[in-house]
Amino acid sequence: MLMVTGANGRFAQATIRELRQLVGADEPIAVTTRDPRSPAAVRLAAEGIDVREGDFDDPDSLVDAFAGVRKAVIVSTMAANDQRFRLHANAVDAAQRSGVRHLVYTSFINAGPEAITEHSRLVHFPTEQKLKSSGLDWTILRHSLYAETLLDDLDRTLASGVFTRPGGRVPAAYIAREDLGRSAARVLAEDGHEGRTYSETMTSALTGEEIAAALSEAAGRPIRYEPMPSAAWPTYFASVLGLPVAMVGSAEHTMRALEAGELDLVTADYASVTGRQPTTIEEFLRTRVPRGPMR
Ligand SMILES: NC(=O)c1ccc[n+]([C@@H]2O[C@H](COP(=O)([O-])OP(=O)(O)OC[C@H]3O[C@@H](n4cnc5c(N)ncnc54)[C@H](OP(=O)(O)O)[C@@H]3O)[C@@H](O)[C@H]2O)c1
């Protein structure tokens, strides 16, 4: 049996969609979620997926959740960075106790003990180490920034004709979440990925100006890039999301990392896993940005 954790999440759903296509009736698929009564979980159950309750913050729930599974994708959680490693360690321990043989974990590019990106340093690198010392087979999927993060403030970008981000001329790596679901499903369904770390990126890293040019092409009118200091990002980002600044404070570290070039990475790992090229920024934006005059 194959498993994906966190079935209500968008990445998890992209992975499950692809996995169903890949394995068909060959092997059963199970998922965990904190909320098996959510519409997404109910729909998956109706489609024949074994939906199990599992919360990384409730270790007792996890041993049953992983029962009978040979290989699982552990989707990194959305929680405070000082809590997430503990949650992931609970999941690794429970999987081990339940007899899971191979864990796949969703990390972040250039995760390391000295990373500027807070979640790379506090969450992903320690989780990678935990996996590597677990005695289980492991595969690490180091995701770059989701291309979807460029759409968080799309309404403002379109209303002002200005795309603003920290970074200036320093490029950063992006990739579409749907693509990442495709590669995670391949790694889960196929053999031969044991002991591998894949850093998944588009075929080029992008500067703010390049993203603005792609936005202009997609919108059919000029959108210019304006740099923003990383220190200003949490206030801007919180206002876009309608959240208190304290809830997005760690995003400043990610933007500082971007400014310092920590997210400037291009690899061919996505193509080597999936046998196809990742979606380009132009293709990605073309289907998501409305064309037409200023709104
Ligand atoms: N590379 C990037 O740019 C980027 C951006 C944003 C996030 N991320 C990371 O990638 C992950 C997937 O992204 P997404 O867009 O799919 O996020 P999302 O839609 O917000 O999903 C959040 C995920 O976290 C799971 N989760 C939260 N708390 C959990 C817990 N206590 N135990 C088990 N699972 C828990 C949820 O599962 P259930 O609700 O089903 O339990 C769900 O799968 C995020 O959780 C985050 O770690 C990466």
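Parameters at a glance
- Residues numbered from 1 in each chain as written.
- Predicted model: local features only at pLDDT ≥ 70, side-chain atom pairs only at ≥ 80, totals over all residues.
- Heavy atoms only, no water.
- Helix = DSSP H or I, 4+ residues; strand = E, 2+ residues; numbered from the N terminus.
- Rg over C-alpha atoms; globule rule 2.2 N^0.38 Å.
- Contact = heavy atoms within 4.5 Å.
- Areas by Shrake-Rupley, 256 points an atom, 1.4 Å probe, with all protein chains shown as cover.
- Lys, Arg positive; Asp, Glu negative; His and termini not counted.
- Charge placed at Lys NZ, Arg CZ, Asp CG, Glu CD.
- Expected span 1.5 Å × (residues − 1).
- Buried < 20%, exposed > 50% of the residue type's maximum accessible area, 1.4 Å probe, protein only.
- Axes fitted to C-alpha atoms, helices over the stretch in contact; angles between N-to-C directions.
- Parallel < 35°, antiparallel > 145°, perpendicular 65-115°, else oblique.
- Left-handed = near helix turned anticlockwise from the far one by under 90°.
- Nonpolar A, V, L, I, M, F, W, Y, C, P; charged D, E, K, R; others polar.
- Patch = residues over 30% accessible without salt bridge, like charges linked within 9 Å, V, L, I, M, F, W, Y side chains within 5 Å.
- Salt bridge = Lys/Arg side-chain N within 4 Å of Asp/Glu carboxyl O.
- Pairing = 2+ DSSP bridges.
- Near = heavy atom within 4 Å.
- Polar contact = N/O pair within 3.5 Å; in protein donor to acceptor, adjacent residues only side chain to side chain.
- Right-handed = clockwise from strand over helix to strand, strands pointing away.

**Some remarks on the overall build of the protein chain**
When helices and strands are counted, the protein chain shows 12 helices and 11 strands. For the protein chain, the C-alpha radius of gyration of 19 Å lies close to 19 Å, the compact-globule estimate for 295 residues. Principal-axis analysis of the C-alpha atoms places the extent of the protein chain at approximately 55 × 40 × 35 Å. Contacts spanning at least 24 positions in sequence make up 76% of the contacts within the protein chain whose residues lie at least 6 apart. Per element, the accessible surface of the protein chain, about 12,800 Å² overall, is 50% carbon and sulfur. In the protein chain, the 32 positive side-chain charges and the 39 negative ones have mean positions that sit 3 Å from each other.

**Observations regarding helix 4 (residues 81-98)**
For helix 4, with 18 residues, the first-to-last C-alpha span of 26 Å sits near the 26 Å given by 1.5 Å per residue. Buried residues of helix 4: N81, R84, L87, H88, A89, N90, A91, V92, A94, A95 and S98, and no others. Turning to helix 4, the residues buried within the fold contact helix 3 (59-65), strand 4 (71-74), strand 5 (102-108) and helix 5 (118-132). Looking one or two residues past helix 4, G99 carries a phi angle of roughly 90 degrees, positive in sign.

**So, the packing of helix 1 (residues 10-23) against helix 7 (residues 177-189)**
Two quantities define a packed helix pair, namely the angle between the helix axes and the distance between the axes. Close contact between helix 1 and helix 7 brings their axes to 7 Å; oriented N to C, the two are set at 50 degrees. Classified by the angle between their axes, helix 1 and helix 7 sit oblique to one another. As for the relative orientation of helix 1 and helix 7, their crossing is right-handed in sense. Taken together, the residues of helix 7 that come into contact with helix 1 (itself represented by R10, F11, A14, T15, R17, E18, L19, L22 and V23) are R177, E178, L180, G181, R182, A184, A185, R186, L188 and A189. Each residue belonging to the contact of helix 1 with helix 7 can be placed in one class, and the counts come to 10 nonpolar, 2 polar and 7 charged.

**Some remarks on a negative patch on the surface**
A surface patch of negative charge is lined by D35, E53, D58 and D60. One can find E53 in strand 3 (residues 50-53).

**So, the sheet that holds strand 6 (residues 137-143)**
Across the sheet, which stays open at both edges, the 7 strands sit in the order 3-2-1-4-5-6-10 with parallel pairing between neighbours. Strand pairing shows two members of the sheet lacking a second neighbour, strand 3 and strand 10 (196-200), which therefore form its edges. Adjacent strand axes in the sheet meet at a mean angle of 20 degrees, parallel and antiparallel pairs treated alike. Relative to strand 5, strand 4 runs parallel, the two being bridged by 4 bridges. Residue pairing in the sheet places A72 in a bridge with L103 of strand 5. Helix 5 contacts strand 5 and strand 6 of the sheet and is inclined by roughly 160 degrees relative to strand 5.

**As for the site of the ligand**
Contacts to the ligand come from 20 residues, most closely from G6, F11, T33, R34 and S76. Within the side chain of R10, an N or O atom sits 2.9 Å from an oxygen atom of the ligand. Surface burial for the ligand is 87%, taken as the share of its 880 Å² of free accessible area covered by protein chains. Those elements that provide at least two residues to the shell around the ligand are helix 1 and strand 7 (145-146). Looking at side-chain class alone, the shell around the ligand contains 8 nonpolar, 7 polar and 5 charged residues.

**Some thoughts on the side chain of R182**
Secondary-structure assignment places R182 in helix 7. Looking at R182, the relative accessible area reads 15%, which means it is buried. Leaving out residues up to four positions away in the same chain, R182 has contacts with E18, Y270, T274 and R276.

**Here's the deal with the pairing of strand 3**
The two faces of a sheet get side chains in turn, since along a regular strand they alternate between them. Relative to strand 3, strand 2 (residues 29-33) runs parallel, the two sharing 4 bridges. The residue bridging T32 from the neighbouring strand is R52, located in strand 3. Handedness of the strand 2-helix 2 (residues 39-46)-strand 3 crossover: right-handed.

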